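Analysis of the macromolecular model
Chain residues, written in single-letter form:
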Amino acid sequence: VLQHRSATDGPVRVAAGAAVLPEVDGARFAVAGLDSAADSATLRVVAWGWQPSPLTGLLDRFSWWARDDRGRWHVARTDGSRSGGGQVDLFVEFAPALHPDARSLDLFLRGPRTQAAVTLPLRWLASR
């Protein structure tokens, strides 16, 4: 992460993608796509089995990391959420930028007791 912390060469594109992570501490997460910018990338994620509260947000309970297929590591921060109807819609922003030639993203999710990983192929659709 530190080696590429100032990278601003990320692809400015949208990627279609779908992946469901195994259950992590009672919560399920489904990835519904990715928006990449020059300096970061944002996953669109739907979660259920867990509800955030004012005292415990996403990153208080779960830690997200990613590694693109070109070897860059990325750390996440939440970029907003909406909840209702038993689900939470999350925007999980990763920095630094994805490698400009990235074709897949390994996602790592760790909770207090368990962890999961999944590979998300990046099917680039268009420039943003």
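Here is a short report on the structure shown in this document.

Scoring rules and cut-offs
Residues numbered from 1 in each chain as written. Predicted model: local features only at pLDDT ≥ 70, side-chain atom pairs only at ≥ 80, totals over all residues. Heavy atoms only, no water. Helix = DSSP H or I, 4+ residues; strand = E, 2+ residues; numbered from the N terminus. Buried < 20%, exposed > 50% of the residue type's maximum accessible area, 1.4 Å probe, protein only. Contact = heavy atoms within 4.5 Å. Salt bridge = Lys/Arg side-chain N within 4 Å of Asp/Glu carboxyl O. Polar contact = N/O pair within 3.5 Å; in protein donor to acceptor, adjacent residues only side chain to side chain.

As for the overall build of the chain
- For the chain, the helix and strand inventory stands at one helix and ten strands.
- Taken from N to C terminus, the helices and strands of the chain fall in the order β-β-β-β-α-β-β-β-β-β-β.
- Out of the 128 residues belonging to the chain, those deemed buried represent 42%.
- A separation threshold of at least 6 residues defines the contact pool for the chain, and within that pool the share at least 24 residues apart is 59%.

Quick word on the environment of V88
- Its place among the elements puts V88 in strand β7 (residues 87–95).
- A sequence separation of 42 residues divides V88 from V46, and the C-alpha atoms of the two residues are 5.7 Å apart.

Focus on the pattern of salt bridges
- On inspection of all chains with the given rule, the structure shows four salt bridges.
- Between D35 and R44 there is a salt bridge; the shortest N-O distance is 2.8 Å.
- The salt bridge partner of R67 is D106, with a shortest N-O separation of 3.2 Å. In this pair, R67 is assigned in strand β5 (residues 63–68) and D106 in strand β8 (residues 104–110), connecting sequence segments 39 residues apart.
- A relative accessible area of 28% places R67 in the partly exposed class.
- For D106, a relative accessible area of 18% gives the class buried.

A few points about the side chain of S36
- Position of S36 relative to the elements: it lies in strand β3 (residues 27–36).
- Within polar-contact distance, the side chain of S36 engages the backbone oxygen of P11 at 2.5 Å.

In short, the description is geometric, and any link to function would need to be established separately.
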